[in-house]
Each structure stands twice: as structure tokens, then as C-alpha cells.
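Per-entry structural report
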Amino acid sequence: RKEVEQDPGPFNVPEGATVAFNCTYSNSASQSFFWYRQDCRKEPKLLMSVYSSGNEDGRFTAQLNRASQYISLLIRDSKLSDSATYLCVVNPMTANAGGTSYGKLTFGQGTILTVHP
Amino acid sequence: EPEVTQTPSHQVTQMGQEVILRCVPISNHLYFYWYRQILGQKVEFLVSFYNNEISEKSEIFDDQFSVERPDGSNFTLKIRSTKLEDSAMYFCASSSDRGLRQPQHFGDGTRLSIL
């Protein structure tokens, strides 16, 4: 099983649509979770952290299900500017010889979203 | 908003040559990282650095790689003898804590092309 697995996409949706992305992770000891977005040939940019209680930031809602090791991202009222690759990112926080792993982020392959007029 | 800066934006080098990629992390951050992304593939962790030493490194980070914080602001990645397969985007990141809650912020990357 891949460490972080995402819907392969691509997703092509019209403006105003609601779209949902899913992600599963294999390391049950993972402690923190994020969604980043990446535009073509650019750096990953933090979209939002994901908390157990679920969290919302404007049109974006993230959910975490620890029992199922599943993370989701919902985008409502899609805009043209939402077109990007969405990266599911997990911080496993594993132990190593020195004691604790410092932030070795594990990325999913990404899901491509294209919003069209 | 403070940001991570990287130089150069694009580096073209002959195979076997040494390259140094430079990063200036966000000023009050204490944890520093390098990642790479081969074209069309996912972002991969290379190394994390804290308190002037490597905290963790991946299998990719072999003896050809090294990191250094030569002064109070710069954080560098050196590849001693580059190979064709080192061609990738290299991203530097920094964070204010171990990443339990505080996310890592990424620089805009250096595109490394090995000929």
C-alpha cells in the first residue's frame, strides 16, 4: 500500500461546481495532515491543515477520519483560479535513532483539477 | 508575508560537477528541509535539519549530498558529483516547530538540469 494515495483524477468541472478529493494514508501513527496546492512547475503552497474535528476555510472543507486513515477535501463553488494540482500531505512523525522524526512530509501523487467556464 | 527564498531559480550543470543550491528560510523558523520533485512525479523528502545537524534523511540523500547552515540565514544543499538522475526541482522548506501543527512553508524552488 502506498504511504499516501490519492484519487488520480484529473477532475474537469464547470465553474460553480462542488468537487471532492479523497486521500488514504498507511501509517496509523501519523499525527498531522495537510492539503497543499501546486500550480504547474511551482512550489507546493499550503491550502489548509486538517484536524480531527474537521475544518472549514471559506469554500474549502477538510475532513479527517483516523479510524479509516482517510482524508478529504471539498471545494464548493469552484472558481477558475482553483485549477491546480491538490496534494494530500501527511506528517508521519515516526521515531528514528535520534528519537523523533522532524517533519518528514510524505506527499501523495496529487490530483489535477481543471475548472472550466 | 515572510517567505522562503531560493537561488538560483534554474541551474544547468554538466554531469559530474558539483552544485550548491541556496535557501534563505523564514527568519524565526528553526527547522529546515529539502525536498525534490522529478518532473511528473511526487514531491519527495530528502533531509531535515535542526540545531545545526541533520535530523533525518531519506534513502535518496546519499553520500553525494550534504547540507549546511554556514551563517545565520542561509541553508544550502550541495550535490558533490551530479548525475543525470539528479535533474529535478529542489524545494527548500522551513517551519517554526516539528510540524505537528505548524506547517512547512516552501520556497519557489530551483530547477536543476544535469546535462
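See the structure printed just above.
Everything numeric here is computed off the predicted structure, so don't read it as measured data.

1. Points about the pattern of salt bridges
Overall, the coordinates contain 6 salt bridges over all chains when judged by the stated rule. When the shortest N-O distance is used, the salt bridge between Glu 56 of chain B and Lys 104 of chain A registers 3.9 Å. A residue pair is termed interchain when its members come from two chains, as with Glu 56 of chain B in strand E6 (residues 53–57) and Lys 104 of chain A in the loop between strand E9 (84–91) and strand E10 (106–107). A salt bridge links Arg 36 of chain B to Glu 44 of chain B, with the shortest nitrogen-to-oxygen separation between them at 3.2 Å. Look at Arg 36 of chain B and you get buried, because its relative accessible area is 10%.

2. Some remarks on the pairing of strand E11 (residues 111–116) of chain A
Residues and elements named next belong to chain A. Every second residue of E11 is oriented toward a common face, the buried set being Thr 111, Leu 113 and Val 115 and the non-buried set Ile 112, Thr 114 and His 116. As paired strands, strand E2 (residues 11–14) and E11 are joined by 4 bridges and run parallel to one another. Following the sheet pairing, Phe 11 is matched in E11 by Leu 113. Judged from the 3 bridges that link them, E9 and E11 form a sheet pairing that is antiparallel. Following the sheet pairing, Tyr 86 is matched in E11 by Thr 111.

3. Notes on the packing of aromatic side chains
If you walk through the whole model with that rule in mind, you get 17 aromatic pairs over all chains. Here the aromatic cluster, defined as three or more aromatic residues joined through ring pairs, consists of Phe 34, Tyr 36 and Phe 107 of chain A together with Tyr 33, Tyr 35, Phe 45, Phe 91 and Phe 106 of chain B.

4. Considerations on the sheet that holds strand E1 (residues 5–7) of chain B
Note on sheets: strands pair through backbone hydrogen bonds, and any given pair is parallel or antiparallel. All names here are of chain B. With respect to topology, 4 strands assemble into an open sheet ordered E1-E3-E8-E7, the strand pairing being antiparallel. One side of each edge strand has no neighbouring strand; the edge strands of this open sheet are E1 and strand E7 (65–68). Across the sheet, the mean angle separating the axes of adjacent strands is 20 degrees when strand polarity is ignored. Pairing of E1 with strand E3 (residues 19–24) involves 3 bridges; the strand directions are antiparallel. Bridge assignment links Thr 5 to a residue of E3, and that residue is Val 24.

5. Notes on the state of the cysteines
One pass over the full model with this rule turns up 2 disulfides over all chains. Linked covalently through their sulfurs, Cys 23 of chain A and Cys 88 of chain A form a disulfide whose S-S length is 2.0 Å. What sets the handedness of the Cys 23 of chain A and Cys 88 of chain A disulfide is the S-S torsion sign, and at about -75 degrees it is left-handed. Here Cys 23 of chain A is found in strand E3 (residues 19–25), whereas its partner Cys 88 of chain A is found in strand E9, with 65 residues between them in sequence. By relative accessible area, which is 1% here, Cys 23 of chain A ends up buried. According to the relative accessible area criterion, Cys 88 of chain A is buried, its value standing at 0%. Between Cys 23 of chain B and Cys 92 of chain B runs a disulfide, and the two sulfur atoms are separated by 1.9 Å. Judged by the sign of its S-S torsion, about -65 degrees, the cystine formed by Cys 23 of chain B and Cys 92 of chain B is left-handed. Linking Cys 23 of chain B in strand E3 with Cys 92 of chain B in strand E9 (residues 88–95), this pair joins segments that are 69 residues apart in sequence. We note that Cys 23 of chain B, like Cys 92 of chain B, is buried.

6. Digging into unusual backbone geometry
Across the junction of Thr 7 of chain B and Pro 8 of chain B, the peptide omega takes the value -10 degrees, indicating a cis bond. Note on placement: Pro 8 of chain B falls in the loop between E1 and strand E2 (10–13). Of note, the phi angle at Arg 41 of chain A is positive, near 65 degrees, even though the residue is not glycine. You can call Arg 41 of chain A exposed: its relative accessible area is 52%. Of note in the backbone geometry, Asn 52 of chain B takes a positive phi value of approximately 65 degrees without being a glycine. Mapped onto the elements, Asn 52 of chain B comes out in the loop between strand E5 (44–50) and E6.

What counts, and at which threshold
- Residues numbered from 1 in each chain as written.
- Chains lettered and ligands numbered in written order.
- Predicted model: local features only at pLDDT ≥ 70, side-chain atom pairs only at ≥ 80, totals over all residues.
- Heavy atoms only, no water.
- Salt bridge = Lys/Arg side-chain N within 4 Å of Asp/Glu carboxyl O.
- Helix = DSSP H or I, 4+ residues; strand = E, 2+ residues; numbered from the N terminus.
- Buried < 20%, exposed > 50% of the residue type's maximum accessible area, 1.4 Å probe, protein only.
- Pairing = 2+ DSSP bridges.
- Phe/Tyr/Trp six-rings, centres within 6.5 Å; stacked < 30°, edge-to-face > 60°.
- Axes fitted to C-alpha atoms, helices over the stretch in contact; angles between N-to-C directions.
- Disulfide = S-S within 2.5 Å.

Remember that the coordinates give geometry; whether it matters functionally is a separate question.
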